[in-house]
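Coordinate analysis (summary)
Spelled out, the chains give:
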Amino acid sequence: MSLALAQRVLAQATTSDTEAEPQAQPHLTVSLQQMQAALAQRFPLRYPVPGLLNLDVQTPRLQLLPAQNRLAAAMDVQAAGAALQRSHQGTLELDFALRYEASDRSIRAHQLRLRRLQFPTLQPPVVALLNGYAPALAEQSLLEVVLHRLSPKDLALPDTMGLQPGSLTVTDAGVVMGFVTKPL
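A brief look at the structure comes next. (Residues numbered from 1 in each chain as written. Predicted model: local features only at pLDDT ≥ 70, side-chain atom pairs only at ≥ 80, totals over all residues. Heavy atoms only, no water.)

1. Quick look at the environment of Ala 37
- In this structure, Ala 37 sits in helix H2 (residues 32–40).
- On the accessibility criterion, Ala 37 (42% relative accessible area) is partly exposed.
- Distance from Ala 37 to His 148, taken between C-alpha atoms, is 8.9 Å for residues 111 residues apart in sequence. (Helix = DSSP H or I, 4+ residues; strand = E, 2+ residues; numbered from the N terminus. Buried < 20%, exposed > 50% of the residue type's maximum accessible area, 1.4 Å probe, protein only.)

2. Overview of the environment of Phe 119
- Residue position: Phe 119 is located in the loop between strand E7 (106–118) and helix H3 (124–142).
- Owing to a relative accessible area of 5%, Phe 119 belongs among the buried residues under this scheme.
- C-alpha separation for the pair Phe 119 and Gln 78, spaced 41 residues apart in sequence, amounts to 9.0 Å.
- Apart from the residues within four sequence positions on either side, Phe 119 is in contact with Val 77, Ala 79, His 88, Gln 89, Gly 90, Val 127 and Leu 130. (Contact = heavy atoms within 4.5 Å.)

3. What to know about unusual backbone geometry
- Omega for the peptide link from Phe 43 to Pro 44 comes to 5°, which places this bond in the cis form.
- Mapped onto the secondary structure, Pro 44 falls in the loop between H2 and strand E2 (45–49).
- Phi is positive for Asn 69, close to 55°, though the residue is something other than glycine.
- Along the chain, Asn 69 falls in the loop between strand E4 (61–65) and strand E5 (70–80).

4. Side note on the sheet that holds strand E1 (residues 27–30)
- Pairing is antiparallel across the open sheet formed by three strands, whose spatial order is E1-E10-E9. The open sheet terminates on both sides in strands that have one partner only, identified here as E1 and strand E9 (163–171). Each neighbouring strand pair of the sheet contributes to a mean axis angle of 25°, computed without reference to strand direction.
- Docked against the sheet, helix H4 (residues 152–160) engages E1, E9 and strand E10 (174–181), running at close to 120° with respect to E9. (Pairing = 2+ DSSP bridges. Axes fitted to C-alpha atoms, helices over the stretch in contact; angles between N-to-C directions.)

5. Overview of the pairing of E5
- Of all 11 residues that make up E5, eight are buried, and the element is covered over most of its length.
- When strand E3 (residues 53–57) meets E5, the two strands line up antiparallel, connected through four bridges. In the sheet register, Val 57 faces E5, and the bridge partner there is Val 77.
- Bridge count between E4 and E5: five bridges; the pairing is antiparallel. Looking at the pairing, Leu 62 lines up with Ala 73 of E5.
- Between the end of E4 and the start of E5, which pair antiparallel, lie four residues, with Asn 69 showing a positive phi angle near 55°.
- Pairing of E5 with strand E6 (residues 88–101), which is carried by nine bridges, proceeds in the antiparallel orientation. Bridging from a neighbouring strand, Ala 73 pairs with Leu 94 of E6.

This is the structure:
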């Protein structure tokens, strides 16, 4: 054993518990790419407004918002139908918080906030009509949508340690799931 290694072992053995470095809690990071892939399986979506038009929503482009502990989503939307005479391209932008659903081990979008629905080629009265549908469109598109599903393997080690999923924190690296002690 080298002298430096022996000194570290001795220092650790003589350090009191209050001086010891705290143990890092287990965590799991879900990348933006993993969440984007999960969304791609659910889109595109079509929402008919009977007698007026259809709204086709493409796969959202996600963005991490660490400062707000939220994610943003921008979706291309195509509006077409009898009321519009031709097809119009637009965008729907929103942001949302995250929650963990234990019943299916999923991370889901919730607490949606509509940022903007924009159709540059539509007349203002038509845009006003569409803005009336925008909150419902946003909710149907992303409210409670599964962004990631944990496998039993993901939870095996924390489970053996008496831990369960706790906090969800949006970071520059993705969504970090922290684990907490299971209640007795």
